[in-house]
Every structure is written in C-alpha cells, then in structure tokens.
Amino acid sequence: MSEIIAGVRIPETAAAAEATRLMQEMTSPLIYHHSRRVFVFGALHAQRLGLEPDLELLYLSAMFHDTGLRTPFSDAEQRFEIDGADHARRFMNDRGFPAEAADVVWTAIALHTTPGVPGRMGPEVAITNVGVLTDALGLGLGELDRTQVEEITAVHPRGDFKKEFLQAFVEGLKDRPETTNGTVNSDVLEHFVPGFRRTTMVERVMGAPWPS
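Just so you know, these numbers come straight off a predicted model, no measurement behind them.

*Asks:* Describe the side chain of H65, and please don't skip the residues or the numbers.
*Replies:* With respect to the secondary-structure elements, H65 resides in the loop between α3 (55-64) and α4 (67-70). When its relative accessible area of 0% is taken as the criterion, H65 is described as buried. For H65, the contacting residues outside a window of four places in its chain are H34, S35, V38, F80, I109, H112 and V132.

Below, the structure written as structure tokens:
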C-alpha cells in the first residue's frame, strides 16, 4: 500500500524501502523522524517552487543526511556530512545506481549544512537543504499549509526536538572537534562543550608559517 504524508507519496522503490529499514535500525528515532520530515517538507517546497527533483534521490539524500552523526562511516577524521555522504554513496553503489545518481545524493548530503551554495545547484541538492532548514530552523515554515505541517508532525512527531537534536550534534562531534572548523557545527560545540573554543580564520591566517 502506498504511503502518503501531507499529499506527498513516499517513493516505493526497493532502495527507498531498504533505506527506511536501515535508518530505523542504525539511527535513533530522533534522526529517523527528522530525516523523514526533511523529505516531506522538501517535497512540498519543491511543489511550491516549481522544481521537479527525482523523488527517490531526494528521499535517499534526506534519509542518509545525518547518518554521519550516529556512527562515523570512515576511519578518517572528517566532517560528519562527508561521513553521511560516503555512506549513501556506498549504499547506492552496492545497489547498482548510476554514478551520476550517487554523485547527486553525495553532493546533497555533503552540502546540506553549507549556507548559500545548495540553492544554486540541482533540485535534489537544493531541496534537501531547504527541507533541512525548515525542520531544523523553521525557515520556510510559514510558506507551507498549516494542515499539512500538522499531518507531517503527527506521523513523525518532533518531541523535544530542539534539545535532543543539539545533543545529537554534541555526541556526534565531540570526539572530532577539529572537523567543525569553519562550519556551523562549531557553534554547537562551543556552546555545549566546556573548554572548547573554535579556531578562527584570523588565527589560522596569522599563525601560518609565512613571515608576512
């Protein structure tokens, strides 16, 4: 039976079903519900903006976008966004997706916290970012129908989202704080982790091994 939330049909492909199962098993309920809301909010914004993303690719982008917070995918010390993007690419490669499709999803996830760039890119990248901004920061919320928003949050409740989401960032990043330099993620660590202070661009330039 088709699953429709606020008029948005959840993709019925094998990969989408497998991604749903994996996210339920490998992430927390907080991240699972957030990821599903990101997809639905994004799809509604796409309709409003006249964009036509590939909904399967948008779904995979939304479902994997925060997986790097839960368990680092790579042994390398890298941004959590890259962990999640790498995880999604491996998932898609293992299931025979074209490289171009995997690249779209990788880019959408890698850039989902980057201000100003995703909106200049393809619809899947742009809309993943819009969905994230709506659910995390409320940006664009006023552009959506209130009844649809209520239906989405009934199916995928927010609970104590603000507090728990920030805590998920702390837990996912506190052991690799240097990866947050130059990103919005450093805001979270500086606020919640005692003794952590971000390294500024001024300090990095002034500390460079050049005489002037």
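*Asks:* Give a detailed account of a nonpolar patch on the surface, specifying residues and quantitative values.
*Replies:* Together, M201, V202, V205 and M206 make up a nonpolar patch on the protein surface, roughly 480 Å² of accessible area in all. Looking at the secondary structure, you find M201 in helix α11 (residues 201-206). Judged by its relative accessible area of 62%, M201 falls in the exposed class.

*Asks:* If you had to explain the pattern of salt bridges to someone new, which residues and values would you point to?
*Replies:* Evaluation of the coordinates by the stated rule reveals 14 salt bridges. Among the ionic pairs, E3 bridges to R36, the shortest N-O distance being 2.4 Å. Of this pair, E3 sits in the segment before β1 (4-5) while R36 sits in helix α2 (residues 29-49), placing them 33 residues apart in sequence. The partner of R9 in a salt bridge is E12, with the nearest N and O atoms 3.8 Å apart. Among the residues examined, R9 registers a relative accessible area of 43% and is labelled partly exposed. Under the relative-accessibility criterion, E12 is labelled exposed at 55%. One continuous salt-bridge network, built from bridges that share partners, spans E18, R21, E25 and R95.

*Asks:* Which residues make up the environment of A15, and what values do they have?
*Replies:* Summarising the element assignment, A15 is placed in helix α1 (residues 14-26). Looking at A15, the relative accessible area reads 8%, which means it is buried. Each C-alpha atom of the pair A15 and G182 lies 34 Å from the other, and the pair is 167 residues apart in sequence. Apart from the residues within four sequence positions on either side, A15 is in contact with E56, L60, F91 and F97.

*Asks:* Before we move on, can you summarise the nonpolar core with the specific residues and values?
*Replies:* By size, the foremost hydrophobic cluster in this structure holds 39 residues, and its most contacted members are F39, V40, L60, F64, F91 and M92. Within the residue set of this core, elements represented by two or more residues are α1, α2, α3, α5 (80-94), α6 (99-110), α7 (123-137) and α8 (146-155). No other element matches the eight residues that α2 contributes to this core. Listed in part, the 13 residues of the second largest apolar core include L30, F165, V170 and F196.

*Asks:* Before we move on, can you summarise the packing of aromatic side chains with the specific residues and values?
*Replies:* Applying the stated rule across the entire model yields five aromatic pairs. Measuring from ring centre to ring centre gives 5.1 Å for F39 and Y59, while their planes differ by 85 degrees; the resulting arrangement is edge-to-face. Of the two residues, F39 is situated in helix α2 and Y59 in helix α3; the sequence distance between them amounts to 20 residues. Ring geometry for F80 and F169: centres 5.3 Å apart, planes at 80 degrees, overall edge-to-face. Of the two residues, F80 sits in helix α5 while F169 sits in helix α9 (residues 161-173), which places them 89 residues apart along the sequence. Note on accessibility: F80 and F169 belong to one class, buried. Every member of this aromatic cluster is reached through a ring pair, and the members are F80, F161, F165 and F169. Of note, R37 hangs over the ring of F161, and the distance from its end group to the ring centre comes to 5.1 Å.

*Asks:* Residues and numbers for the packing of α3 against α6, please.
*Replies:* To describe two helices that pack against each other, one gives the angle between their axes and the distance between the axes. At a minimum axis distance of 9 Å, the contact between α3 and α6 shows a crossing angle of 40 degrees. Between α3 and α6, the crossing angle belongs to the class labelled oblique. For the crossing formed where α3 meets α6, the hand is right-handed. Facing α3, whose interface residues are L57, L60, S61 and F64, α6 presents A101, V104, V105, A108 and I109.

Cut-off values and rules
Residues numbered from 1 in each chain as written. Predicted model: local features only at pLDDT ≥ 70, side-chain atom pairs only at ≥ 80, totals over all residues. Heavy atoms only, no water. Helix = DSSP H or I, 4+ residues; strand = E, 2+ residues; numbered from the N terminus. Buried < 20%, exposed > 50% of the residue type's maximum accessible area, 1.4 Å probe, protein only. Contact = heavy atoms within 4.5 Å. Patch = residues over 30% accessible without salt bridge, like charges linked within 9 Å, V, L, I, M, F, W, Y side chains within 5 Å. Areas by Shrake-Rupley, 256 points an atom, 1.4 Å probe, with all protein chains shown as cover. Salt bridge = Lys/Arg side-chain N within 4 Å of Asp/Glu carboxyl O. Core = buried A, V, L, I, M, F, W, Y, C linked by side-chain atoms within 4.5 Å. Phe/Tyr/Trp six-rings, centres within 6.5 Å; stacked < 30°, edge-to-face > 60°. Lys NZ or Arg CZ within 6 Å of the ring centre and 35° of its normal. Axes fitted to C-alpha atoms, helices over the stretch in contact; angles between N-to-C directions. Parallel < 35°, antiparallel > 145°, perpendicular 65-115°, else oblique. Left-handed = near helix turned anticlockwise from the far one by under 90°.

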